[in-house]
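In case you want the letters, here they are:
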Amino acid sequence: MHQMTLAEIARGLADKKFSAEELTRTLLARIAQLDPQVNSFISLTEELALQQAKAADVRRANGENGALLGAPIGHKDLFCTQGVRTSCGSKMLDNFKAPYDATVVAKLAAAGAVTLGKTNMDEFAMGSANESSYYGKVKNPWNLEHVPGGSSGGSAAAVAARLLPAATATDTGGSIRQPAAFTNLTGLKPTYGRVSRWGMIAYASSLDQGGPLARTAEDCALLLQGMAGFDPQDSTSIDEPVPDYSASLNDSLQGLRIGVPKEYFSAGLDPRIAERVHDSVKALEKLGAVIKEISLPNNQHAIPAYYVIAPAEASSNLSRFDGVRFGYRCENPADLTDLYKRSRGEGFGAEVQRRIMVGTYALSAGYYDAYYLKAQKIRRLIKNDFMNAFKEVDVILGPTTPNPAWKIGAKNNDPVAEYLEDFYTITANLAGLPGLSMPAGFVDGLPVGVQLLAPYFQEGRLLNVAHQYQLNTDWHTRTPQGF
Ligand code: GLN
């Protein structure tokens, strides 16, 4: 049962091959047995899951037939879930039970999805390796000595280990696509504003976007359908109709123009990953796509710009965790200043503190123009590059990551080395564009992802290309040994 995709589960439930309750119990037992190896969950919500599963079975018995009705999922632990600990992977929120549901959580619950638990993540979604969680590192099911990617490493590891068919995640600079690449999954970061951020604990508000992580593009389409849509509670939510993502999966790729940026194949890219990328290009050419070399001349400035903008926004967002209103409070504060200092010093981990300091510095008087304003100008240049490229091509293709998943601990003493791993993913966030990573082969037994980018609101096109690729390849069907 645990090998089924969301689409297969929907069919099985509709055909009454099993009930949502049976499926939920099977997966909960599997999580209890196998999750100690990967550490993909922070909290399990067994009671809620069984209650939702039973309710889904009743709704199906009454004739309802939605694709997500009875589908087991997990939520990254930064989506507020009413009455459930929502920790953001931090000691700061270890004692925080959300008083309300995030829009994404509420929408998926209304569609009948069953929440099995809250998945592990880098603290406050900062990281590319899922090593900074207060609840311990997450391990990559493909090789337990390697990282699963981050910051949505728990969602990725849970789906890769077949503990869940799909999970929600968020992507500020690659946190859906990079873990998808490292664990052989399909992950989609939607257009900024497509999925509501209400109740999604903020890291960098102008970059954060929620999206689906699953094994196939078909499943990402189903999950995105349940997540996307206008939300008046989120001032950056966009009031655009949500297309039927499953309906365009089988569109022909004949004549589709795919751009491959020449800047993507620089010295930093593992040549074995470059080979996998070229293979995927050939496979798509066979399906009728036309390949064109393009240029994204400002791509090289993306990492420095991102690592000013994201910490700047984080320093502002995280000022609300002050030890007064909610979250961690230090013991016996001497006075108010001591309360602030020690609550934040004890509640936040090293990487979060580093970013708060960098962000505060970049925003301070005298440095604002040199760093933050400059970074915003680079951001516009990066967006312009994409706008120019999309005059000539429909989709942009490249590697998702420069390297396969590294060994746990390998980059612990060098945060900048980890930042550099985000080279291919952060430009989509800076520009607000949708991006998808799909499985495209292996290097030394570790998965490799290929990234597709499209113009605003063209999620359907990304899912279409990935689905057609997956109908003609079998990388995404491979299962890690032991799971
Ligand atoms: N690795 C990037 C960072 O640490 C992206 C994280 C994310 O997308 N949440 O900021």
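Everything numeric here is computed off the predicted structure, so don't read it as measured data.

So, how was this worked out
Residues numbered from 1 in each chain as written. Predicted model: local features only at pLDDT ≥ 70, side-chain atom pairs only at ≥ 80, totals over all residues. Heavy atoms only, no water. Helix = DSSP H or I, 4+ residues; strand = E, 2+ residues; numbered from the N terminus. Rg over C-alpha atoms; globule rule 2.2 N^0.38 Å. Buried < 20%, exposed > 50% of the residue type's maximum accessible area, 1.4 Å probe, protein only. Contact = heavy atoms within 4.5 Å. Areas by Shrake-Rupley, 256 points an atom, 1.4 Å probe, with all protein chains shown as cover. Expected span 1.5 Å × (residues − 1). Arc of directions from axis to C-beta. Pairing = 2+ DSSP bridges. Right-handed = clockwise from strand over helix to strand, strands pointing away. Axes fitted to C-alpha atoms, helices over the stretch in contact; angles between N-to-C directions. Patch = residues over 30% accessible without salt bridge, like charges linked within 9 Å, V, L, I, M, F, W, Y side chains within 5 Å. Salt bridge = Lys/Arg side-chain N within 4 Å of Asp/Glu carboxyl O. Near = heavy atom within 4 Å. Polar contact = N/O pair within 3.5 Å; in protein donor to acceptor, adjacent residues only side chain to side chain. Nonpolar A, V, L, I, M, F, W, Y, C, P; charged D, E, K, R; others polar. Core = buried A, V, L, I, M, F, W, Y, C linked by side-chain atoms within 4.5 Å. Parallel < 35°, antiparallel > 145°, perpendicular 65-115°, else oblique.

Draft legend 1. Region of interest: the overall build of the protein. Across its full length, the protein carries 15 helices and eleven strands. The C-alpha atoms of the protein give a radius of gyration of 21 Å, which matches the 23 Å a tight globule of 483 residues would have. Seen through its principal axes, the protein has C-alpha atoms that stretch 65 × 55 × 45 Å. Looking at the protein residue by residue over its 483 residues, the buried ones come to 61%. Contacts spanning at least 24 positions in sequence make up 77% of the contacts within the protein whose residues lie at least 6 apart. As displayed, the protein has an accessible area near 17,600 Å², and 51% of this comes from carbon and sulfur atoms.

Draft legend 2. Geometry of helix α11 (residues 350–363). If you check α11, its first and last C-alpha atoms are 20 Å apart, about what 14 residues at 1.5 Å a residue would give, namely 20 Å. Looking at α11, one finds that the buried residues are Glu351, Val352, Arg355, Ile356, Gly359 and Ala362. End-on, the buried residues of α11 take up no more than an arc of 135 degrees, which puts them together on one face. Exposed and facing more than 90 degrees away from the buried side of α11 are Ala350 and Met357. Looking at the buried residues of α11, the elements they touch are α9 (302–317), α10 (336–347), α12 (369–392) and α13 (415–420).

Draft legend 3. Broad picture of the pairing of strand β7 (residues 257–261). In terms of burial, β7 is a largely internal element, four of the five residues being buried. Where β7 meets strand β8 (residues 290–294), five bridges bridge the pair, whose relative direction is parallel. Looking at the pairing, Pro261 lines up with Ile294 of β8. Regarding topology, helix α8 (residues 271–286) serves as the crossover connection from β7 to the parallel β8, and that connection is right-handed. Pairing analysis gives two bridges linking β7 to strand β9 (residues 395–399), with the strands arranged parallel. Among the inter-strand pairings, Gly259 is bridged to a residue of β9, identified as Ile396.

Draft legend 4. Here's a closer look at the sheet that holds strand β2 (residues 72–76). The mixed open sheet is built from eleven strands, whose spatial order is β1-β3-β2-β4-β6-β5-β10-β11-β9-β7-β8. Of all the strands in the sheet, the pair left with one neighbour each is β1 (41–44) and β8. Here the average twist between neighbouring strands, direction ignored, is 30 degrees. Where strand β5 (residues 186–189) meets strand β6 (residues 209–214), two bridges bridge the pair, whose relative direction is antiparallel.

Draft legend 5. Expanded view of a nonpolar patch on the surface. Residues Val324, Leu336 and Tyr340 make up a contiguous nonpolar surface patch of roughly 250 Å² in combined accessible area. For Leu336, the location among the structural elements is in helix α10. Relative accessible area serves as the criterion here: at 49%, Leu336 is assigned to the partly exposed category.

Draft legend 6. Spatial organisation of the site of the ligand. Among the 15 residues in the neighbourhood of the ligand, the closest are listed as Ser128, Gly173, Ser175, Tyr203 and Tyr306. Gly127 places a main-chain nitrogen or oxygen 2.8 Å from an oxygen atom of the ligand. In isolation the ligand exposes 290 Å². Once the protein is present, 99% of that is buried. Class assignment of the residues belonging to the shell around the ligand gives a composition of five nonpolar, seven polar and three charged.

Draft legend 7. Up close: unusual backbone geometry. The omega angle of the peptide bond from Gly150 to Ser151 is 5 degrees, so this bond is cis rather than trans. Structurally, Ser151 is set in the loop between β3 (114–119) and α5 (153–160). With phi around 60 degrees, Lys16 is a residue other than glycine that occupies positive phi space. The topology assignment puts Lys16 in the loop between α1 (6–14) and α2 (20–38). By relative accessible area, Lys16 is classed as exposed at 68%.

Draft legend 8. Up close: the nonpolar core. Phe124, Phe386, Ile396, Leu452 and Leu463 are the most contacted members of the largest nonpolar core, which has 106 residues in total. At ten residues, the largest contribution of residues to this core is made by α9. When residues no more than four places from it in sequence are discounted, the contact partners of Leu463 are Leu188, Ala217, Cys220, Ala221, Leu224, Tyr245, Leu249 and Leu436. Counting 38 residues, the second-largest nonpolar core is a separate cluster that includes Leu23, Ala49, Ala56 and Ala180.

Draft legend 9. Fine view of the environment of Ser319. Note on placement: Ser319 falls in the loop between α9 and α10. A relative accessible area of 44% means that Ser319 is categorised as partly exposed. In this structure, the C-alpha to C-alpha distance between Ser319 and Ile356, residues 37 residues apart in sequence, is 8.8 Å. Separated by 2.7 Å, the side chain of Ser319 and the backbone oxygen of Ser316 make a polar contact.

Draft legend 10. Inspection of α9 at higher detail. With 16 residues, α9 extends 22 Å from end C-alpha to end C-alpha; this agrees with the ideal 22 Å at 1.5 Å per step. In terms of residue burial, α9 counts as a mostly covered element, since 14 of its 16 residues are buried.

Draft legend 11. Examining the packing of α9 against α11 more closely. The N-to-C vectors of α9 and α11 enclose an angle of 100 degrees; their axes lie 7 Å apart at closest approach. By the angle between their directions, the pair α9 and α11 is classed as roughly perpendicular. The residues of α11 that touch α9, namely those facing Tyr307, Val308, Pro311, Ala312 and Ser315, are Arg355, Ile356, Val358, Gly359, Thr360, Ala362 and Leu363. Considered class by class, the residues forming the contact of α9 with α11 number eight nonpolar, three polar and one charged.

Draft legend 12. Structural view of the pattern of salt bridges. Applying the stated criterion across every chain yields a total of 23 salt bridges. Residue Glu346 pairs with Arg342 through a salt bridge whose shortest N-O separation is 3.4 Å. Remark: Arg342 and Glu346 occur in helix α10; sequence separation between them is four residues, near one turn of the helix. Of the residues examined, Arg342 reaches a relative accessible area of 26% and is grouped as partly exposed. Between Glu421 and Lys411 there is a salt bridge, with its nearest N and O atoms 3.4 Å apart.

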